[in-house]
Each structure stands twice: as C-alpha cells, then as structure tokens.
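Report on the structure
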2 protein chains.
Amino acid sequence: MEINELGEFGLIDHLTSGIERQNEGTLKGVGDDAAILQATEGHRTLVTTDLLLEGIHFDLTYVPLQHLGYKSAQVNFSDIYAMGGMPRQITVSLGISKRFSVEDIDSLYAGILTACREHGVDLVGGDTSASMTGLTISITCIGEARPEEIVERGGAHDTDLVCVSGDLGAAYMGLQLLEREKSVYMQQLREAQNAASKPDELPAFQPDFSGREYLLQRQLRPEARRDIILALREAGIRPTAMMDISDGLSSELLHICKQSACGCRIYEERIPLDYQTAVMAEELNMNVTTAALNGGEDYELLFTVPLTDHDRVVQIPGVKVIGHITKAELGHVLVTRDGGEFELKAQGWQAKL
Amino acid sequence: MEINELGEFGLIDHLTSGIERQNEGTLKGVGDDAAILQATEGHRTLVTTDLLLEGIHFDLTYVPLQHLGYKSAQVNFSDIYAMGGMPRQITVSLGISKRFSVEDIDSLYAGILTACREHGVDLVGGDTSASMTGLTISITCIGEARPEEIVERGGAHDTDLVCVSGDLGAAYMGLQLLEREKSVYMQQLREAQNAASKPDELPAFQPDFSGREYLLQRQLRPEARRDIILALREAGIRPTAMMDISDGLSSELLHICKQSACGCRIYEERIPLDYQTAVMAEELNMNVTTAALNGGEDYELLFTVPLTDHDRVVQIPGVKVIGHITKAELGHVLVTRDGGEFELKAQGWQAKL
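A brief look at the structure comes next.

Reading guide: rules and limits
Residues numbered from 1 in each chain as written. Chains lettered and ligands numbered in written order. Predicted model: local features only at pLDDT ≥ 70, side-chain atom pairs only at ≥ 80, totals over all residues. Heavy atoms only, no water. Helix = DSSP H or I, 4+ residues; strand = E, 2+ residues; numbered from the N terminus. Rg over C-alpha atoms; globule rule 2.2 N^0.38 Å. Contact = heavy atoms within 4.5 Å. Areas by Shrake-Rupley, 256 points an atom, 1.4 Å probe, with all protein chains shown as cover. Buried < 20%, exposed > 50% of the residue type's maximum accessible area, 1.4 Å probe, protein only. Polar contact = N/O pair within 3.5 Å; in protein donor to acceptor, adjacent residues only side chain to side chain. Salt bridge = Lys/Arg side-chain N within 4 Å of Asp/Glu carboxyl O. Nonpolar A, V, L, I, M, F, W, Y, C, P; charged D, E, K, R; others polar. Pairing = 2+ DSSP bridges. Axes fitted to C-alpha atoms, helices over the stretch in contact; angles between N-to-C directions. Least-squares fit on C-alpha atoms with pLDDT ≥ 70 in both. Parallel < 35°, antiparallel > 145°, perpendicular 65-115°, else oblique. Expected span 1.5 Å × (residues − 1). Bend = angle between axes of the 7 residues up to and from the residue. Phe/Tyr/Trp six-rings, centres within 6.5 Å; stacked < 30°, edge-to-face > 60°. Lys NZ or Arg CZ within 6 Å of the ring centre and 35° of its normal.

1. Regarding the overall build of chain A
From N to C terminus, chain A includes ten helices and 13 strands. Relative to the globule expectation of 20 Å for 353 residues, the C-alpha radius of gyration of chain A, 22 Å, shows essentially globular dimensions. Sequence separation of 24 or more characterises 86% of the internal contacts of chain A that already satisfy a separation of 6 or more. Total accessible area on chain A stands at roughly 14,800 Å², and carbon and sulfur atoms take up 48% of it.

2. Regarding the side chain of A:Ser93
Assignment of secondary structure puts A:Ser93 in strand β4 (residues 86-96). Note on A:Ser93: relative accessible area 0%, which makes it buried. Engagement of the side chain of A:Ser93 in a polar contact is seen with the backbone nitrogen of A:Asp127, the distance being 3.4 Å. If near-sequence neighbours (up to four positions away) are discounted, A:Ser93 is found in contact with A:Gly126, A:Asp127, A:Thr136, A:Ile137, A:Ser138, B:Thr49 and B:Leu51.

3. Considerations on the interface of chain B and chain A
With 65 residues of chain B at the contact, the number on the chain A side is 65 residues. At the boundary of chain B with chain A, the tally comes to six salt bridges. The partner of B:Lys28 in a salt bridge is A:Glu152, and the shortest N-O contact between them spans 2.6 Å. Along the contact surface separating chain B from chain A lie 25 residue pairs in polar contact (both at pLDDT 80 or more). The element best represented in the side of chain B that touches chain A is strand β3 (residues 44-53) of chain B, accounting for nine residues. Considering only residue class, the side of chain B that touches chain A consists of 25 nonpolar, 24 polar and 16 charged. One ladder, built from three bridges, connects strand β2 (residues 35-37) of chain A with β3(B); its direction is antiparallel. In the strand pairing of β3(B), A:Leu37 is matched with B:Thr45.

4. Thoughts on the sheet that holds strand β5 (residues 122-130) of chain B
What the six strands build is an open sheet, ordered β1(A)-β2(A)-β3(B)-β6(B)-β4(B)-β5(B); its pairing is mixed. With partners counted over all chains shown, the strands left at the sheet margins are β1 (26-28) of chain A together with β5 of chain B, one partner each. Averaged over all adjacent pairs, the angle separating strand axes in this sheet is 20°, with direction ignored. Sheet analysis places β3(B) next to strand β6 (residues 136-145) of chain B, joined by ten bridges and oriented antiparallel. Among the inter-strand pairings, B:Leu46 is bridged to a residue of β6(B), identified as B:Gly143.

5. Observations concerning the pairing of strand β11 (residues 319-326) of chain B
Look at any regular strand and the pattern is simple: side chains alternate between the two faces of the sheet. Residue and element names in this part refer to chain B. For β11, the tally of buried residues reaches six of eight residues, placing the bulk of the element in the interior. Pairing of strand β7 (residues 161-165) with β11 involves five bridges; the strand directions are antiparallel. Bridging from a neighbouring strand, Val-164 pairs with Lys-320 of β11.

6. A look at the relation of the copies chain B and chain A
Copies of the same chain, two in number, are related to each other by a rotation about an axis and a translation along it. Rotating chain B by 180° about the axis while translating it 0.0 Å along that axis superimposes it on chain A, leaving an RMSD of 0.0 Å. Those values place the two copies in the arrangement expected of a two-fold rotation axis. Taken as a fraction of all interface residues of chain B, those also at the interface in chain A reach 100%, which identifies the copy contact as same-surface.

7. Re the packing of helix α4 (residues 170-195) of chain B against helix α5 (residues 213-220) of chain B
Residues and elements named next belong to chain B. Relative to each other, α4 and α5 sit at 100°, their axes nearing to 7 Å. One way to sum up the angle between α4 and α5 is to call them roughly perpendicular. Packed against α4, whose contacting residues are Ala-170, Ala-171, Tyr-172, Met-173, Gly-174, Leu-175, Leu-177 and Leu-178, the element α5 presents Tyr-214, Leu-215, Leu-216, Arg-218, Gln-219 and Leu-220 at the interface.

8. Focus on helix α1 (residues 3-16) of chain B
All names here are of chain B. Here α1 spans only 15 Å end to end across 14 residues, well under the 20 Å set by a 1.5 Å rise per residue. Phe-9 marks the point of greatest bend in α1, at about 80°. A positive backbone phi angle near 80° is found at Gly-18, which sits one or two residues after α1.

9. Concerning the packing of aromatic side chains
According to the stated counting rule, one finds zero aromatic pairs over all chains in the structure shown. Across the ring face of B:Tyr70, the terminal group of B:Arg221 is positioned such that the distance to the ring centre comes to 3.9 Å.

10. With respect to the sheet that holds strand β2 (residues 35-37) of chain B
With mixed pairing, the six strands of this open sheet are ordered in space as β5(A)-β4(A)-β6(A)-β3(A)-β2(B)-β1(B). The outermost strands of the open sheet, each flanked by one partner alone, are β5 (122-130) of chain A together with β1 (26-28) of chain B. Ignoring strand direction, the axes of neighbouring strands in this sheet form an average angle of 20°. Taken strand by strand, helix α1 (residues 3-16) of chain A contacts β4 and β5 of chain A, and its axis lies near 145° from that of β5(A).

11. Observations regarding helix α2 (residues 65-81) of chain A
Here α2(A) contains 17 residues, and its C-alpha end-to-end distance of 24 Å stays within 8% of the 24 Å for a straight helix at 1.5 Å per residue. With 15 of its 17 residues buried, α2(A) lies for the most part within the structure.

12. Things to note about the pattern of salt bridges
It is possible for side chains bearing opposite charge to pair when their charged atoms get close. Residues and elements named next belong to chain B. For the structure on display, the rule yields 42 salt bridges over all chains. One salt bridge in this structure joins Arg-265 and Glu-341, with 2.6 Å as the shortest N-O distance. Of this pair, Arg-265 sits in strand β9 (residues 263-267) while Glu-341 sits in strand β13 (residues 341-343), and the two are 76 residues apart along the sequence. By relative accessible area, Glu-341 is classed as partly exposed at 48%.

13. Description of unusual backbone geometry
Trans is the prevailing form of peptide bonds, just as negative phi is the prevailing case for residues other than glycine. Residues and elements named next belong to chain A. Backbone geometry places Thr-159, a non-glycine residue, at a positive phi of 80°. By secondary structure assignment, the location of Thr-159 is in the loop between β6 (136-145) and β7 (161-165). Given a relative accessible area of 41%, Thr-159 falls into the partly exposed group.

14. Section: the pairing of β6(A)
All names here are of chain A. Along β6, ten of the ten residues are buried, which leaves the element largely enclosed by surrounding structure. The alternating pattern of β6 places Thr-136, Ser-138, Thr-140, Ile-142 and Glu-144 and Ile-137, Ile-139, Cys-141, Gly-143 and Ala-145 on opposite faces, both of which are buried. Strand direction decides the pairing type here: β4 and β6, joined by nine bridges, are antiparallel. Following the sheet pairing, Gly-95 is matched in β6 by Thr-136.

15. Some remarks on the side chain of A:Arg153
Of note, A:Arg153 is situated in the loop between β6 and β7. Residue A:Arg153 is classed as buried on the basis of its relative accessible area of 10%. Here the side chain of A:Arg153 touches B:Asp33 through a polar contact of 3.3 Å, side chain to side chain. Ignoring anything within four residues of it in the chain, the contact list for A:Arg153 reads A:Ala241, A:Met242, A:Met243, A:His255, A:Ile256, A:Gln259, A:Ser260, B:Gly31, B:Asp32 and B:Asp33.

Quick look at the structure:
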C-alpha cells in the first residue's frame, strides 16, 4: 500500500494503534501536541537522542527494516543504561521517501516495538514526514534513575579497574562481512543484467553466512545491556564512570579519561573477543585487536569500579577487567601481548562524520 | 571552515561551549550518554518532537540558516505551550551534507539559541552526523506543567467558545511571496548565465519585500505564544481543549472536534486576518479565508473555553472568539460572510506527506 493512501495522520494511527502501555508514568502517548509523563518520585530524568540516516548509518541492501528498527531503539536504550538508568519512553520521527510502502514502515515499527517490549519502554510520540531521498530515523529516549544510581563519565579515579561487558569487535566484523557479500552480489547483478534481459532472472541477495551468525547478529541485532546494569545493582556495585561502546573501545576510554582527568593502562590479552571475530579478522587479513579497539557498534558497557570491588565485579557473568585507571601523566597505554606499550588513539568517529 | 577539520566531537564542543544554563532542573546537558534533568516537584513532563527536512519543510534559497534554527526551536516550544506547559529543554540532532561549513552550522545554532534564550530553554543534547544530501534537523522538546495546567485536545464541550490567538494565513502568504520571488530569481539567473560567463556577474537573491515585512516575518520567524499561556493563567482561564495551529485552522479544529466528540460552528467574518495577508491574497488572486483555514504554519493557539469565561477571554489582547462548539450531529460548520454554511475540511496535511 502506498503511504499517500493513508496520509500522515492515517499512517500514525495505523502504526500506533493497539500499542500497550508498559509504564505507569506514561500518562498520555501519541495523539496530542505532546506526550504527558509523570516522573517516578525520587528519580531524575535522562534524555538521549540518535539520528540515523540512510547511506551513512545503514545500508538497506543488507539490513532488513525490522532489524533496523530494532537496532535504532536498542542504541538509544544503551545510552540510558550507560548512565545507570532504565529507559521508559521513546519518540520516533521518520522521514520517508516515495520508494517505501506502508508494509515497509510496518516492518520498521515492528522492530522498534519488539525492542520496546523487551525493555519495558513506551513509544509516546514522534513525527512522520515525506523525504526527498532515503530514510531518516530520529529517536529520542527518556529514562529514569535515582540520583545515587546515575553514573557519569567523569568519576574515574587512579587505581580503579577498567571493565567491559560482552566481547568487542564482532559488530565491526559483521559489517565487513556484509560489505564483502554486497560487493560480490553487485558483481553478480551486473553480470546477470548483461547476460539476461528478463528482470525475474536477476539473482536475489542470499549470501551464505553459516558459521558467521554471531557476527551478523552483533551487527544487525545488538542488545542493550540492561542485564549488566541490573547485575551491578544486585551486586551492590556502583561504577565510578560508565559509557556504552558505540564508537570503539579506544575512543570511549579516552572520553572517560579526559572527563575524569586520568590516564589508563589496558592489556591486549584481556580484551574479550569471540572466536568468530578472530577467525573473520584472519580471513580478512585484519588485526583483531584493532577491530576490537576501533570497530564500534558493540553497544557493550565500558565502566570503572573501585579496586575494592574487584572480587565482586569478576563474578558478574559477561564482565571482564581489562586494565586499570592511572594518573593522567602516565598517558593512555595499551600493553600488547608481547609486552610492548602503545598510546591509545581515537579513530572511531572519523568514519562517521 | 570545513566540518571535517573539527570532527564530530570537535563540532559539538564548538557549538555547545559557553551555553548558559537557564533552568535549575537541567542538572547536566551536553557531554555524556544522556542529559540529566530534575522534574520540578508537582509537575508532569511533556515531550514533543519535530523533524525538518530540506526540500520538504524548508528551502535554503530563501530561508537564512539563522531563521531556520530559530523557527525549528519555536515550533517545538509551540507544541509545549499548546499543552498548557512551559518548555524547559531541547535536544537538537543535525544531519549535515558536505556543502555546509562550520559557519553555516554556527548560524543555524545561533538561531536555535536565540529562541532558547527568549523562552528560557536549555539545549541539553543531540547528535551530529554527516548526511548524503541536504540538511536534516530533528528537535525534541521537554516541557513541564502542573497537572491542573495541562490542556489536551479532547475536553471541548457543547457551547464552549472557540478562540484563536493572533491572526491567520500570513505565514502561508509569506511562503507564496517567497516562492514567487524565487521563481523570478531563477529566471534572472538563467538569463544571466546565458548572457555572461563570469560567475561574479550573476545576480544575488535580493528581492524587494517592502510593505510585506509582516508576511515574511510570519513565515520565517514565527513566535510561539508563551504570552497567551501566561495571560490565560493570569486571567484564571483554563481552556477545555487546545492545540497550536501548524497545519491550518480547519485541520486543527477538526482534531479537537474528533477527540472531544463534538461539532463546531465558526464564522468567517470573525477569523482574524492581517491587512497585508488580505492584500497579498488579492494580488495572488487567492481566497484569503482559504489561506486562513488551510494555510498552516501560523503557530497560533486554537483553544476552547467555557461560555462563562467569555467576558474574561475577550479582554486578553490578541485573542479572538471565532465561534462555538456544538453537538457532534451538527457537524463542522463555517458560516460565510453572506450567511452560507460550509462543512470544514482538513487539507493542511496533504501537502506535507
């Protein structure tokens, strides 16, 4: 169905009807000039926003719209968890060019709403517009935390332990894999177009990813680490500084060090890697540590805890201590497997702007 | 300066350094995974968002970037006022293509920050990204109101008075004027390009708008009606339903009637018009009432009040009673100057999607 058949308000009704409310604090969602929320008593409000543009942040050749919706929501939840809070509401604005049908936008929304259900989040508003080219997705997430639960970037101290959740570099390897398969496919497409004139003989994009499922899942379907925040609360650990890893470990760690006015020393051998990440890096003749340091899109949590929390933090499944915070004058050091020392550099953002 | 010279984080630092905090409830703005806000005790939180895309919502041939920034912020504030609330914070996400310089984005931000200062709003976050084509602006605004101050769309009752602030149709006429001058200019440009090969001989876009300043101001520099909300509070009037007029009076009034399950009866002769709007309509051979009903982008307030508030509401400068609410079965009627009756139709949105 063409979107013009519904019109803007018809489309919004179609997309948002039957959404069940998940939070008592969501007093009114879609349908007025603004949503009405009631902050939980004793809590502060957290606000984060992300803009995703076709051709910059995603490539619809290999990203299904449902996954794109899911990921768009998760990356916002991840920012709220990275403050120590719980996401409560999102607004979703879409710019939609003519090549998208109502069914396409349904798929995108289905992914967004699946992520919302998993994290107990209400979709409370947004804006829907035509666009000249491509798909634009802008999501703002509202979260909450008690003052004592909030963790900023600037609280790390000398001797604190540097911890990460999950493993790193897999999402980046997933992207390399998809890009490689896309270029193979584009080549096939050109050859098929030269050989046959019937459009129904053109091959579909159906590459074989067996054995690489984890890399694809990490790229296409990241999971914001609510579980880690809950486990930290359970263990009575309050990180001194925290961020989510969206631009790569190096870049994020340098942010924490800059805002905390400190240095760091991390160990290559302790950086958590998945087996598939290592295999793929070798196949592509890339350095796996570089992928883990600069790859980005892991959406894992990077945080620091006091040294006295060591025994408790290592017992949390999926958390690994990779080094420690130092005095600022000691710099930002990566100790390699062979004992060499390198200065960490931020490279993640350069690809993005 | 090219944006790449600064990088994403450099650009954000450049744009947001030196911003002064205007609200005590803004505990932390730009610089972490999320902003941290403290809702005022006894208040609810209001959230609204708008997406503005180049080529759909604005044309940079005739819209200066500073005005665009100013307007982008105002349209969000307008949505918060339309709920009876006060705007407190905004996030601003930008997608920026290569043709924009740092100075361009400075101008855009200068406009946004001017609007923020005028309305006591803090810029607390955002996202900045490259874009393939054109400029994308996504703004989310957080506001507050006491529960008893909040006005939704669904509370209008039979016999309530229908009121509007300011005057209508001028922003639409301003747009027509700009579009006309643009097409004259494009013609001049083509002729100049054919006649001369030196680029410095091409004419600049400097049309003469004397005597039309009000229309341009309404299109380029709308003012969200904080003053009307404060005047209503001062007068002890609580509207039963309220919206801001962004898509045209007809469309908005039909929203209120639908959500309030009622009809309405408004009078053409009472619709507030500026003299310049009427003159321009005549010059363009357009019906001025149609412009007022369907033009859109007025950002005035449309609201209903109980009949008993009549004497107080007419004393508020800039507010006009244009008709009344009826039972649903009486329909949505416009009574023309000559006593004819027409059914109101929503046309505003069709141009937008």
